[in-house]
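The lines below spell out each chain.
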Amino acid sequence: MKTPSFPGRPAPKTWLACAFGRQAARLDHPVLYLCMPRLFEDLALARLDGRFPRLIDKLDRVQPLILVDWGTHSLADQQRLELLEIFEERYRRKSTLITAQLPIAHWHAMIGEPTIADAILDRIIHNAQRITLEGDSMRKQKHRRS
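The text that follows walks through the structure, step by step, so that each part is easy to find. None of these values were measured; they are calculated from a predicted model. Per chain, residues are indexed from 1 in the order of the written sequence. Local features are withheld for residues below a pLDDT of 70 in this predicted model, meaning they are given only at 70 or higher, and side-chain atom pairs are given and counted only at 80 or more; totals for whole chains, interfaces and linings count all residues. No hydrogens and no water enter the side-chain calculation; it runs on all heavy atoms of the structure.

## Concerning the sheet that holds strand S2 (residues 65-70)
Sheets are built from strands that pair by backbone hydrogen bonding, the pairs being arranged parallel or antiparallel.
And then number 1: Strands are treated as partners if at least two bridges between them are detected by DSSP. Counting from the N terminus, the helices are DSSP H or I runs at least four residues long and the strands are E runs at least two residues long. Overall, parallel pairing links the 3 strands, which are arranged S1-S2-S3 in an open sheet. A single partner strand is all that each edge strand has here, and the edge strands are strand S1 (32-35) and strand S3 (96-100). Strand-to-strand twist across the sheet, computed as the mean angle between neighbouring axes with direction ignored, equals 15 degrees.
And then number 2: Sheet analysis places S2 next to S3, joined by 4 bridges and oriented parallel. From the neighbouring strand, Leu67 faces S3, where its bridge partner is Ile98.
And then number 3: On the sheet, helix H2 (residues 36-49) packs against S1 and S2 and is oriented at approximately 95 degrees with respect to S1. Lines are fitted to the C-alpha atoms to define the axes, a helix being fitted only along its stretch in contact, and any angle between axes, read from their N-to-C directions, falls within 0 to 180 degrees. The contact definition used throughout considers only heavy atoms, calling two residues in contact when any of these lie within 4.5 Å.

This is the structure we're talking about:
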């Protein structure tokens, strides 16, 4: 699916993710917007202080869960397992919106461990609606104007 073009500027991923989140909130859905590095920090801290099950429950209650900056870092073993748990809990029951610079064809390698990557991607990709944005980012355009 292609995003409608806006004359003179493309629709950026973050703007679009926020728009979906705002609309879900208007419809009284609990929304959570997280950058992937922050998610992994929160999960690691929750494991250390015993809040991990509560955090997983919190992630399972939101609709949609918006994850941005997907694929900016390769994943450690624990991070892969945490993502699998999150997506297993949400599979076919809750919406998850992911924004990424990394093309889907490279997600398997980014996740790493092939068996876990297969399991995670099976829960994400096969029921997904994809929106591919084209053009320069808004940040790049703004920098050129300065």
